[in-house]
Amino acid sequence: MEDMLFYDRMQFAFTITFHYLFPQLTMGLSLMIVYFKWKFLRTKLDIYNDAAKFWMKIFALNFAMGVVTGIPMEFQFGTNWAKFSELTGGIIGQTLAMEGMFSFFLESSFLGMFLFGEKLLGQKLHFLTGFLVFLGSWASGFLIIATHSWMQHPVGFEIVENGKFVLNNFSALFSNPWLWPSYIHNQLASLITAAFVVAAIGAFYILNNKHSEFGKLFVKTGVLFGLAASVLVAFPTGDWAAKNVVEHQPVTFAAMEGIFETVDGGSEIVLIGQPDTENKKLDNKIAVPNVLSFLTYQRWDAQIKGLNEFDEKDYPTNIPGLYYAYHIMVGLGTVFIALMFVAALQLWRKKLYKTKWILWALVFALPFPYIANTTGWYTAELGRQPWLVYNLMRTADGASPTVSAGNTLFTLLGFVGLYLLLGMLFLILVGKIINKGPETAKV
Amino acid sequence: MELFWYIVLMGMLGMYVVLDGYDFGAGIVHLFFAKKEKDKKAITSAIGPFWDANEVWLIASGGVLFFAFPTLYASSFSGFYLPLMMILWLLIFRAIGLELRGQVHNSLWESVWDKAFGISSLLLALFFGVALGNVVRGVNLGIVENGVSTHEAHYFFLPLWNATFSPTAEHLGIIDWFTLLLGVIGVVTLTIHGANWIIFKTNADLNEKLKKVIFRLNFVLLALVVVSLLVWHVIEPKPFHNFIETPWLWVFPVITFAGLSGLFNVKRFKKDGQGFLFSTLFLLGGFATTVASIFPNVLPSTNDVNPSLTIYNVAADSYGLTVGLNWFVIALILVIIYFVIQYRVFKGKMDDIGYGDH
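Please read these numbers as outputs of a predicted model, since none were measured by experiment.

**Student:** Help me understand the overall build of chain A in this model?
**Tutor:** When helices and strands are counted, chain A shows 14 helices and 6 strands. In terms of C-alpha radius of gyration, chain A reaches 23 Å, essentially the compact-globule figure of 22 Å for 443 residues. Along the longest, intermediate and shortest principal axes, the C-alpha atoms of chain A span 70 × 50 × 40 Å. Expressed as a percentage of its 443 residues, the buried residues of chain A come to 60%. Long-range pairs, those at least 24 residues apart, make up 76% of the contacts in chain A between residues at least 6 apart in sequence. Carbon and sulfur atoms provide 66% of the accessible area of chain A, an area that totals close to 18,000 Å².

Following this line, the structure appears as structure tokens:
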């Protein structure tokens with residue numbers, strides 16, 4: 001039983017982590033491509049259309065990866081989490097079915113036209129198809145986060161005698177206080193990934209002295225989008241998300257921040273340190289006094305509940321993992337603001353394209369938004385543990401009753417092998433597209 | 001309300017069978033009959049802008065199943081664990097075969113992805129037929145051993161096969177001779193269906209040959225259907241009981257045979273779309289006949305201890321089903337609009353509009 005749950009969790013964690021590497025770029029990049037197309041319609045300058053076309057090639061590959069790795073996600077609710085699906089399907093099935101009906105049909109119907117229909121449709125309609133693909137991908141994110149928010153903070157339901165969660169208020173699913181902060185936070189984070197990718201490829205072209213005109217456009221656009229998104233993801237949206245955790249999941253908040261004990265007179269904010277859950281303390285700690293209290297309640301001496309206030313059986317299952325995930329996300333987020341701020345400053349002084357160290361920093365920054373997005377989601381998901389439906393249904397009670405550990409391990413290994421192949425192919429092919437570079441419209 | 005959502009779900013699955021069915025069929029034709037590069041290109045361009053949206057009918061059906069019939073979703077997805085995972089892997093292979101083939105211009109690269117696309121299409125057609133076979137044959141709900149349920153009454157688990165490959169064995173497997181028979185019918189049907197689509201949407205040189213292939217395969221299909229009807233009593237002693245009680249249901253088998261017999265005229269059709277129309281009739285009629293034969297069951301029980309799963313004992317609560325109607329109607333209207341736009345933009349022969357040359 002223990003093994004079974006472990007493999008079920010590993011399989012979900014592995015497949016969702018790999019899957020979300022793609023949609024985060026899809027959602028952010030679709031917005032940036034729509035921006036390039038829009039600039040082209042406004043200015044009639046070919047460089048914007050060529051830029052859009054270049055990013056559409058990467059978008060197409062990335063989108064395909066997102067689709068094929070996304071299908072297993074919807075299947076897994078039933079295959080590996082049958083008991084959870086049975087008991088909550090009447091509720092989370094609503095938002096997941098809506099995703100299929102509202103977003104996947106929209107995306108898939110217009111993607112082909114967007115990718116191959118420029119000549120057939122003309123520029124204005126082509127822009128429209130791009131916008132619809134963008135809309136579809138953002139709608140998909142919204143409905144997934146609506147589902148996620150219900151698991152974090154269940155609303156609009158009652159539990160009937162056989163343990164089933166029955167929906168009694170449909171609109172509550174969308175006015176869930178967890179939903180909007182998480183959604184906006186997540187979409188900005190997705191935009192950060194896209195902005196950093198665009199800026200990194202641009203900086204690479206400038207440094208390489210190839211396609212420099214495109215390089216400059218990519219760096220400029222990436223830095224401006226990146227600066228706006230990096231700031232907004234922290235404040236106010238990250239702050240909203242954290243306040244939701246404080247209010248609705250205080251034990252999670254204590255674990256995230258590494259607060260083992262409640263202290264009077266205000267809590268410190270931990271920057272670095274390793275949680276030692278055996279002895280309930282942080283090793284090698286670097287912390288700033290009272291700041292956590294201020295950030296949380298806007299009072300320097302406000303009391304923050306430590307882990308000691310809660311029952312151990314309700315502790316997040318993996319406290320160190322949760323703590324690190326959260327600290328990596330916040331740490332990287334801070335670095336992103338700093339990097340984009342310096343880059344934007346140099347851009348404003350018209351020196352950015354010659355400031356090599358910043359261009360190099362932009363190139364090497366490429367993987368980090370992916371890490372920040374992933375650890376951000378780990379914070380949310382590890383923070384919800386040991387619950388599937390917060391405070392109401394434990395993860396251990398949600399797995400499929402008849403699927404053995406051996407079968408799950410078999411499919412987990414299958415996914416690992418298959419995704420390794422997919423990942424390699426994706427990198428090789430994207431590398432090829434980047435190496436070839438954008439093509440200029442024939443005059 | 002349950003009946004309404006059942007009809008919606010079966011309608012969506014029917015759409016899926018018809019639409020992604022021609023994609024799979026195109027893949028099978030690609031694997032066995034397309035030798036020249038030009039024919040291969042015509043085939044992939046015939047499904048190019050459509051296959052992704054076609055596949056969404058499966059995902060969306062899964063979503064509707066999840067929300068309207070959560071117990072059936074949970075029971076069947078966990079019980080058919082391995083074949084579903086394999087279907088997923090095949091769907092992934094098929095999609096990347098289609099998407100990655102054109103990324104590198106190298107004959108070795110192209111032939112690898114051609115095979116990936118063709119073989120996974122073939123296996124998917126087989127698996128979906130086998131899946132339908134499993135649903136009508138039923139499963140050991142509650143995993144009854146010696147007259148006692150070892151699990152909750154609506155859960156089960158099937159291995160891929162058992163030692164005897166028999167649909168009446170005590171320990172059933174996914175693949176037995178009966179489900180395999182339906183799998184083979186699936187492959188033959190979709191090959192015909194895909195060939196019809198290619199004839200409809202392309203000017204490929206291959207089309208004349210495909211008409212002969214369809215003609216011959218149609219005899220095979222007729223024979224297989226007759227065999228399946230002769231052996232059907234093995235899994236269900238009274239396969240026609242629903243049709244006797246509700247005579248209008250005969251319309252489904254009539255449609256099925258109209259489609260099948262119409263296809264024998266394949267060489268004389270005036271319009272290229274006619275064949276596709278007939279294979280669509282056969283597919284929809286066959287699918288409807290099969291699911292109607294077990295109605296209101298959606299997953300029969302093979303033991304006497306636990307009852308079959310019916311649309312009434314697996315459905316969600318009535319509030320959810322009612323409220324779902326509001327968004328579903330809006331969504332369906334939008335889907336129909338997209339569908340019309342999509343098939344109007346890409347109307348006619350795909351090689352005429354130069355799809356795929358970019």
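After that view, the rundown keeps rolling.
**Student:** Would you explain the overall build of chain B in this entry?
**Tutor:** Each helix and strand counted, chain B has 13 helices and 4 strands in total. Taken over C-alpha atoms, the radius of gyration comes to 21 Å for chain B, in line with the 21 Å a tight globule of 358 residues would show. Projected onto the principal axes, the alpha-carbon positions of chain B cover approximately 60 × 45 × 45 Å. The buried share of chain B, reckoned over its 358 residues, is 60%. Within chain B, contacts between residues at least 6 apart in sequence are counted, and of these 76% link residues at least 24 apart. Carbon together with sulfur atoms contributes 70% to the accessible area of chain B, which is approximately 14,400 Å² in total. Between the mean site of the 22 positive side-chain charges and the mean site of the 24 negative ones, chain B shows a separation of 16 Å.

**Student:** Explain the nonpolar core here, please?
**Tutor:** Most often, soluble globular proteins have nonpolar side chains that are buried together. By size, the foremost hydrophobic cluster in this structure holds 240 residues, and its most contacted members are A:Trp55 and B:Phe69. In terms of residues, this core owes the most to one element, helix H7 (residues 179–208) of chain A, which gives 16 residues. Each of domain 1 (1–30 + 46–78 + 405–442) and domain 2 (81–175) of chain A accounts for three or more of the residues forming this core. With 25 residues, the next largest nonpolar core counts A:Ile259, A:Ile269, A:Val270 and A:Leu282 among its residues.

**Student:** For this particular structure, what's the right way to read the interface of chain B and chain A?
**Tutor:** In this complex, chain B contributes 63 residues to the contact, which on the side of chain A involves 66 residues. Note on chain B versus chain A: buried area summed over both sides is about 5,800 Å², and carbon and sulfur give 78% of it. Our count for the chain B to chain A interface comes out at 1 salt bridge. Put simply, B:Glu152 and A:Lys83 hold a salt bridge, and the shortest N to O gap is 2.6 Å. Viewed at the interface, chain A and chain B are joined by 17 residue pairs in polar contact (both at pLDDT 80 or more). Going through the elements one at a time, helix H3 (51–68), helix H4 (70–79), helix H5 (81–100), helix H6 (107–137) and helix H12 (318–345) of chain B are the ones with two or more residues in the side of chain B that touches chain A.

**Student:** Explanation requested: the side chain of B:Thr71 in the structure shown.
**Tutor:** By the element assignment, B:Thr71 lies in helix H4. Under the relative-accessibility criterion, B:Thr71 is labelled buried at 3%. Residue contacts for B:Thr71: discarding those within four places in its chain leaves A:Glu86, A:Lys164, B:His154 and B:Val314.

**Student:** Which parts of the structure should I look at to understand the domain arrangement of chain A?
**Tutor:** Reports often express the size of an interface as the amount of accessible area lost when the parts come together. Residues and elements named next belong to chain A. Under the domain assignment used here, chain A contains domain 1 (1–30 + 46–78 + 405–442) and domain 2 (81–175). Taking only C-alpha atoms into account, the centre of domain 1 sits 19 Å from that of domain 2. Contact residues are listed per partner, giving 16 residues for domain 1 and 18 residues for domain 2. Regarding the contact of domain 1 and domain 2, the summed buried area is about 1,500 Å², with carbon and sulfur atoms giving 71% of it. Connecting domain 1 to domain 2 are 1 salt bridge. Between Lys53 and Glu118 there is a salt bridge; the shortest N-O distance is 3.7 Å.

**Student:** Even after reading the chapter, I still don't get the packing of aromatic side chains, so can you show me in this structure?
**Tutor:** When we look at a pair of aromatic rings, we describe it by the centre distance and by the angle of the planes. Applying the stated criterion to the full structure yields 77 aromatic pairs over all chains. Judged by centre distance (5.2 Å) and plane angle (75°), the ring pair of A:Tyr35 and A:Phe225 falls under edge-to-face. Of this pair, A:Tyr35 sits in helix H2 (residues 23–43) while A:Phe225 sits in helix H8 (residues 212–248), and the two are 190 residues apart along the sequence. Centroid distance B:Trp5 to B:Phe67: 4.9 Å. Interplanar angle 85°. Geometry classified as edge-to-face.

**Student:** Just to check I follow, could you spell out a positive patch on the surface for this structure?
**Tutor:** A cluster of basic side chains, namely B:Lys212, B:Arg216, B:Lys267 and B:Arg268, defines a positive patch on the protein surface. Taking relative accessible area as the criterion, B:Lys212 reaches 46% and is therefore assigned partly exposed.

**Student:** Just to check I follow, could you spell out the pairing of strand S4 (residues 281–288) of chain A for this structure?
**Tutor:** Residue and element names in this part refer to chain A. Where strand S3 (residues 269–276) lies against S4, 6 bridges are found, and the strand directions are antiparallel. Bridge assignment links Asp276 to a residue of S4, and that residue is Lys281. The hairpin turn running from S3 into S4, its antiparallel successor, is 4 residues long, and Lys280 in that turn takes a positive phi close to 55°.

Criteria and cut-off values
- Residues numbered from 1 in each chain as written.
- Chains lettered and ligands numbered in written order.
- Predicted model: local features only at pLDDT ≥ 70, side-chain atom pairs only at ≥ 80, totals over all residues.
- Heavy atoms only, no water.
- Helix = DSSP H or I, 4+ residues; strand = E, 2+ residues; numbered from the N terminus.
- Rg over C-alpha atoms; globule rule 2.2 N^0.38 Å.
- Buried < 20%, exposed > 50% of the residue type's maximum accessible area, 1.4 Å probe, protein only.
- Contact = heavy atoms within 4.5 Å.
- Areas by Shrake-Rupley, 256 points an atom, 1.4 Å probe, with all protein chains shown as cover.
- Lys, Arg positive; Asp, Glu negative; His and termini not counted.
- Charge placed at Lys NZ, Arg CZ, Asp CG, Glu CD.
- Core = buried A, V, L, I, M, F, W, Y, C linked by side-chain atoms within 4.5 Å.
- Domains from an automatic or database assignment.
- Buried area = accessible area lost by both parts, 1.4 Å probe.
- Salt bridge = Lys/Arg side-chain N within 4 Å of Asp/Glu carboxyl O.
- Polar contact = N/O pair within 3.5 Å; in protein donor to acceptor, adjacent residues only side chain to side chain.
- Phe/Tyr/Trp six-rings, centres within 6.5 Å; stacked < 30°, edge-to-face > 60°.
- Patch = residues over 30% accessible without salt bridge, like charges linked within 9 Å, V, L, I, M, F, W, Y side chains within 5 Å.
- Pairing = 2+ DSSP bridges.

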